[in-house]
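As a plain string of letters, each chain reads:
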Amino acid sequence: IGTLDVRVQKAIAVGGARWTAYLDAYNLVNLSNSVEEQTSSAPNVRVTTAVQPPRALHVGVRLTF
């Protein structure tokens with residue numbers, strides 16, 4: 001099971017401080033593959049019990065001085 005997780009960030013120095021803006025994207029392509037299956041005998045063999053979480057975006061700003 002794999003997902004595409006990406007971080008994009010840009011830092012800018014202003015005076016004695018450094019501002020960093022960033023965007024984190026988790027499961028960018030929004031896959032919904034099965035990540036857990038119930039193993040049992042017929043007729044419910046390999047029934048999906050959990051899937052990958054949906055796409056999530058986190059935006060933030062960091063100030064370092």
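These remarks concern the structure in this document. (Residues numbered from 1 in each chain as written. Predicted model: local features only at pLDDT ≥ 70, side-chain atom pairs only at ≥ 80, totals over all residues. Heavy atoms only, no water.)

Each helix and strand in the protein was counted, giving zero helices and five strands. Moving toward the C terminus, one meets the helices and strands of the protein in the order β-β-β-β-β. Computed over C-alpha atoms, the radius of gyration of the protein comes to 20 Å, more than 25% over the 11 Å expected from 2.2 N^0.38 for 65 residues, which places it beyond the range of a compact globule. Overall, the C-alpha framework of the protein stretches about 70 × 20 × 15 Å when taken along its three principal axes. Every one of the 65 residues in the protein was classed for burial, and the buried ones make up 11%. Long-range contacts, defined here as pairs at least 24 residues apart, represent 50% of the contacts in the protein between residues at least 6 apart. When the accessible surface of the protein is totalled, it reaches about 5100 Å², and 57% of it is carbon and sulfur. For the protein, the distance from the average site of its 6 positive side-chain charges to the average site of its 4 negative ones is 16 Å. (Helix = DSSP H or I, 4+ residues; strand = E, 2+ residues; numbered from the N terminus. Rg over C-alpha atoms; globule rule 2.2 N^0.38 Å. Buried < 20%, exposed > 50% of the residue type's maximum accessible area, 1.4 Å probe, protein only. Contact = heavy atoms within 4.5 Å. Areas by Shrake-Rupley, 256 points an atom, 1.4 Å probe, with all protein chains shown as cover. Lys, Arg positive; Asp, Glu negative; His and termini not counted. Charge placed at Lys NZ, Arg CZ, Asp CG, Glu CD.)

Within the structure shown, the criterion is met by zero aromatic pairs. Over the ring of Y22 we find R7, and its NZ or CZ is 4.8 Å from the ring centre. (Phe/Tyr/Trp six-rings, centres within 6.5 Å; stacked < 30°, edge-to-face > 60°. Lys NZ or Arg CZ within 6 Å of the ring centre and 35° of its normal.)

Another point: the side chain of T20. Among the structural elements, T20 can be located in strand β2 (residues 17-26). By relative accessible area, T20 is classed as buried at 7%. Dropping the residues within four chain positions of it, T20 is found in contact with Q9, K10, A11, G60, V61 and R62.

With that out of the way, let us pick up the pattern of salt bridges. Evaluated as defined, the whole model comprises one salt bridge. Put simply, R7 and D24 hold a salt bridge, and the shortest N to O gap is 2.6 Å. Taken together, the positions of R7 in strand β1 (residues 6-14) and D24 in strand β2 put the pair 17 residues apart, joining distant regions of the chain. By relative accessible area, R7 is classed as partly exposed at 46%. Accessibility expressed as a relative area gives 7% for D24, which makes it buried. (Salt bridge = Lys/Arg side-chain N within 4 Å of Asp/Glu carboxyl O.)

Geometric descriptors of this kind do not, in isolation, establish any biological role.
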